[in-house]
Amino acid sequence: MFFKPNFLLLDYAIRSLMRRFGKSFFIFFILSLLIFVLASVLMIADAIKLELNTTLKTLPQITLQRFIAGKQSDVPLERVEALLDIEGISAVTPRVWGYYYFKPAGVNFSIVGIDAYEEQYSATLSTLTQRFDIKLLEKENGMIIGEGVQKILSENYYTEFFNFITSEGKWQRVHIAGVFHSDLALESNDLIILPKKLAYAIFGMDKSKATDIIVKVANVKEIPTIVQKINERYPDMRAITQDDIRVSYQNIFDYKSGFFLALFSICAFAFFIIIYDKTSGLSSEEKKEIGILKAIGWSSDDILKEKFYESFTLSLSAFFVGITCSLFYVYALQASFLRNLFMGYSALKPSFALPFSVDVSMLILLFLLSVPIYIAATLIPAWRASTLDADEVMR
Amino acid sequence: MIVLHEVCKQFMQGDEEAHALKKVSLEIKKGECVVLKGSSGSGKSTLLSLIAGLMQPSSGTISVEGKEISKLPESFSAQLRREKIGFIFQKFHLIPYLSALENVIAPLIPENLPVRILEEKAKIAMEQCGIAHKAKMRVNRLSGGEQQRVAIARALVNNPSIILADEPTANLDETLSRELIASLEALKHSGVTLLIATHDPLFFELPFVDRIIEIKNGEMIL
Amino acid sequence: MSLTPEIIALLTLDTIFLFFGVIAFFLSFRLALYWNNDASTPLQYSLTKQSYLVATIIKYIFMLKLPLFLFFIYTCDKLSNIIAGAMCASGVVNSVDFGLYLTLFKLFNLYLFGFWLLLHYADMRCEKLPYTRLKFILFVAFSFPLFVEIGLEIAFFVSLNISKIVSCCGTLFSAASSSYISLLFVVDELLWVGLFYGFFAMSLLAFWLKHNVLILFSNAMFLIFAIIALIVFFSPYVYELPTHRCPFCLLQKDYYYVGYLLYTLLFLGTFYGMGGAMLSLISKEKMRFSKLSVGFNTLYVVIISLYPIVYFIRNGVWL
Ligand SMILES: Nc1ncnc2c1ncn2[C@@H]1O[C@H](COP(=O)(O)OP(=O)(O)OP(=O)(O)O)[C@@H](O)[C@H]1O
Ligand SMILES: [Mg+2]
């Protein structure tokens, strides 16, 4: 009942693993690889989730979009004042933003129009407005661009200014007044910020309308009731809350990692059949060894223990190697390649650092998915070996 | 104390039953030294294996140190083998990829004692057999005689009260054989029960041998 | 159904248990039927070998089930972040009708398997293998709760609905609860506390008298009333909130994971008490486990009693 480790037996087990180096190494390698892939995927998913959650906190509490005939369309600005009448709403900001397709590079830029006199609705924007003089932008038709945008523009020889093509086909020349570094990188790398006036011009939008409306509330708990009130007054408006976004992201991630894990299980299953096969085929040398050990006083139980030590050390070391490699791969190499599985490939976006997020529970989870399963696969072969008859193999 | 009562052992050879032992009854007292002689194939090794509990008799009973070894659960018979019986095998049965020292220690591993104590024990046994100087050598690099001595040291390592020796001198030259016999004599004087299966004539006129039993075609000749 | 990595891990291990459990069940069945200690037939010889396999399988399952029980609770705790309304594992466990039964079954099986292993070791220590047959008859019986548990667990995770709004422990463990748990609050809480200390005293007495039946009975009752008393009386002192009664929140970080310590002590103590007593009833062996049992139980009682006492000393009032 009380387990007392036998280090001599452990030593014996390790050396018998070493003796069958080819076979042990093959199993060790594949097992480490499986654990590595599994650990990397879980770590990436967790890190992205964490990054998203921090980003989500900076997102507006309620975003209002107007839908006409099922298509999103611009919101008349009169509604801004009207919305302020609803109790519980502390601020309402109309937004002008959209995507600009830059044909030569085949990419979309996000364009956000800002107004110097308005309260900025996101932390990113307010730091930007503090760092750059927005009024100056308005005066001299300037814009501030993200690093990714700057890179692409300079590749196309736009270093001082850029000519937008408006919806009427005219050129709109805008100065590059500044470049911001993307510390909060997930959203801001492809961003262009310019005065609302210019945004209206580039998009060809009606100046009495906005793309959508951001609502800030005084008390977070009142969000559902406020959404209900808005829906009553403007049935054509759809409200998206922070929570909606969080849940949908969460579901996508769980779904993706679940899907991956299901695939992984199939691989693992195939692998364990191989292990079963490899460990159940004993060479005549091994059989003889077991016979000798039994003849000199080992019991079946001791042989079984030895086999258990073997598979435990093998799988545990594979576990550690796999985890270490994936820590290195995910956080030092930033998981190049695998992260696209979760992010969707985009030329501009994959440039943020994965935040470190490994907790004990994930290690326990990975342990449970590797070591016990490996031991299960070797259980019956080990039992078979342990019950060999001494006299039969010793002839 | 070893008691055999009407022990039979059959083997299946193809479809036929081969009788390796036929109704063997035998009693060896504590501290006795018995030599078992007989031609090749007469059943000597089979008899020793049965006494050590390495195989089950087809019928009859075998008791060792008051315990019926063939009825004992496997873990107990293993323990008995480990603690009470030293077996010197005809073909040595050393584990080829381990060193001499490790081979001698091997029987003790399940007891989970500190390494230091085990190495001490092994050293003593190896010095007794004059093989201590080769302790670190892998056994498959040793000569036949050296291997034999490692096998004997392994049998002695746990201070057994019974030694079963199957052709212990088969690979030794005359001087080494006499050394071995001397150490067997010392064991006999320290009260160990000895059962030696051999056809080496050296054993047939030793003063310390109490009895010589001949076995022929699986039957004892009195 | 939602496939978070934790759930997939639990389900995978369940599949393995099921596979091994079925093998062990059939082998045990054969062993229970044909085992004959006195025979030296080839059948008996192969049965002996099979008995090792069954024992190995059971050891494997038990050794994993111990940490997995904690992992299960932990998973439910983690799911409570996703599921609306749930604040701790209890909300998640109770979001499915049979969730509480599943948890109880898990606990019950740990006791059963632990007892089986005790019997196994007693059996292996004896040259005559006196309990081998009994052991396998018992396992044939024990494998049913094991299969029920596995089935319940699979069903639990399949029917777990993340978007369903569940109730939190605050409403589950209160007089307002619609379930039978509310019955606990009908009676004065001091009655439960009295029973708790009473059965503890009885178990000490039983130990002193070395009366096995009494040890068995008092430990079983002690276990039940310890949990009830924990819910209705002690837990508010741990949370320092008069209305917060929950046996699960104890496991959270906010309370320094004290629940893991408390439950380990309680379960170990009562397990050794009941298992040891059962073993001495069967084998008439001397009691080796009772001391452990008394030690663990006492430690549990001391720690859990300290909570209200310390609270009273600090604040001068009872909750
Ligand atoms: N496992 C086995 N299967 C089949 N036949 C066996 C087996 N073991 C022994 N025998 C037979 O039993 C008989 C006795 O064998 P045993 O090894 O006991 O002879 P021995 O007296 O030791 O001979 P030697 O002096 O050559 O070692 C032989 O005929 C052998 O063929
Ligand atoms: Mg022979």
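Right above here is the structure, for reference.
Throughout what follows, the structure given in this document is the object of discussion. All figures in this text were calculated on a predicted structure; none of them were measured in a lab.

Section: the overall build of chain B
The helix and strand tally for chain B stands at six helices and 10 strands. Here the C-alpha radius of gyration of chain B, 17 Å, is about what a compact globule of 222 residues would show, namely 17 Å. Counting only C-alpha atoms, chain B reaches 45 × 40 × 35 Å along its principal axes. Residues counted as buried form 56% of the 222 residues belonging to chain B. Within chain B, contacts between residues separated by at least 24 positions form 71% of all contacts whose residues are at least 6 apart in sequence. Total accessible area computed for chain B in this model is approximately 9,600 Å², and 49% of it derives from carbon and sulfur atoms. Computed over 26 positive and 27 negative side-chain charges, the separation of the two mean positions in chain B equals 4 Å.

A word on the packing of helix 11 (residues 284–295) of chain A against helix 12 (residues 300–332) of chain A
All names here are of chain A. The contact between helix 11 and helix 12 brings their axes to 10 Å, and the two run at 135 degrees. What the angle tells us is that helix 11 and helix 12 run oblique. By crossing handedness, the relation of helix 11 to helix 12 is classed as right-handed. Only S300, I303 and K307 of helix 12 make contact with helix 11, whose side of the interface consists of E286, I290, L293 and K294. Partitioning the contact of helix 11 with helix 12 into residue classes produces three nonpolar, one polar and three charged.

Overview of the coordination of the magnesium ion (ligand 2)
Residues and elements named next belong to chain B. Within the protein, the magnesium ion (ligand 2) binds to S45 (OG) and Q90 (OE1); these donor distances fall in the range 1.9 to 2.3 Å. Placement of the pair is S45 in helix 1 (residues 44–51) and Q90 in the loop between strand 6 (85–88) and helix 3 (100–105), with a sequence separation of 45 residues. We classify S45 as partly exposed; its relative accessible area is 27%. Classification of Q90 by relative accessible area gives partly exposed; the value is 36%.

Quick word on the packing of aromatic side chains
Residue and element names in this part refer to chain A. Taken as a whole and assessed by the stated rule, the structure comprises 55 aromatic pairs over all chains. The interplanar angle of 35 degrees and the centroid separation of 6.2 Å between the aromatic rings of F25 and F28 together place this pair among those described as tilted. Of this pair, F25 and F28 both sit in helix 2 (residues 21–57), three residues apart, which is roughly one turn of that helix. With a centroid separation of 5.6 Å and 25 degrees between ring planes, the pair formed by F308 and F312 is classed as stacked. Residue F308 and its partner F312 are both found in helix 12; the two are separated by four residues, about one turn of the helix. In this structure F308 comes out as partly exposed when scored by relative accessible area, which is 34%.

Let's talk about the interface of chain C and chain B
One widely used convention gives an interface's size as the accessible area the parts lose upon coming together. Of the residues lining the interface, eight residues belong to chain C; the matching set on chain B comes to seven residues. Surface buried jointly by chain C and chain B totals about 630 Å² across both partners, of which 63% is contributed by carbon and sulfur atoms. Three residues stand out in chain C for area buried against chain B, namely Y52, M124 and E127 of chain C, and they jointly supply 64% of the buried area on that side. For the pair chain C and chain B, the number of links is one salt bridge. A salt bridge links E127 of chain C to K67 of chain B, with the shortest nitrogen-to-oxygen separation between them at 3.3 Å. Taken together, the connections running from chain C to chain B amount to one residue pair in polar contact (both at pLDDT 80 or more). Residue classes in the side of chain C that touches chain B are distributed as four nonpolar, one polar and three charged.

Scoring rules and cut-offs
- Residues numbered from 1 in each chain as written.
- Chains lettered and ligands numbered in written order.
- Predicted model: local features only at pLDDT ≥ 70, side-chain atom pairs only at ≥ 80, totals over all residues.
- Heavy atoms only, no water.
- Helix = DSSP H or I, 4+ residues; strand = E, 2+ residues; numbered from the N terminus.
- Rg over C-alpha atoms; globule rule 2.2 N^0.38 Å.
- Buried < 20%, exposed > 50% of the residue type's maximum accessible area, 1.4 Å probe, protein only.
- Contact = heavy atoms within 4.5 Å.
- Areas by Shrake-Rupley, 256 points an atom, 1.4 Å probe, with all protein chains shown as cover.
- Lys, Arg positive; Asp, Glu negative; His and termini not counted.
- Charge placed at Lys NZ, Arg CZ, Asp CG, Glu CD.
- Axes fitted to C-alpha atoms, helices over the stretch in contact; angles between N-to-C directions.
- Parallel < 35°, antiparallel > 145°, perpendicular 65-115°, else oblique.
- Left-handed = near helix turned anticlockwise from the far one by under 90°.
- Nonpolar A, V, L, I, M, F, W, Y, C, P; charged D, E, K, R; others polar.
- Donors = N, O, S within 2.8 Å, 3.2 Å for Na, K, Ca; no water.
- Phe/Tyr/Trp six-rings, centres within 6.5 Å; stacked < 30°, edge-to-face > 60°.
- Buried area = accessible area lost by both parts, 1.4 Å probe.
- Salt bridge = Lys/Arg side-chain N within 4 Å of Asp/Glu carboxyl O.
- Polar contact = N/O pair within 3.5 Å; in protein donor to acceptor, adjacent residues only side chain to side chain.

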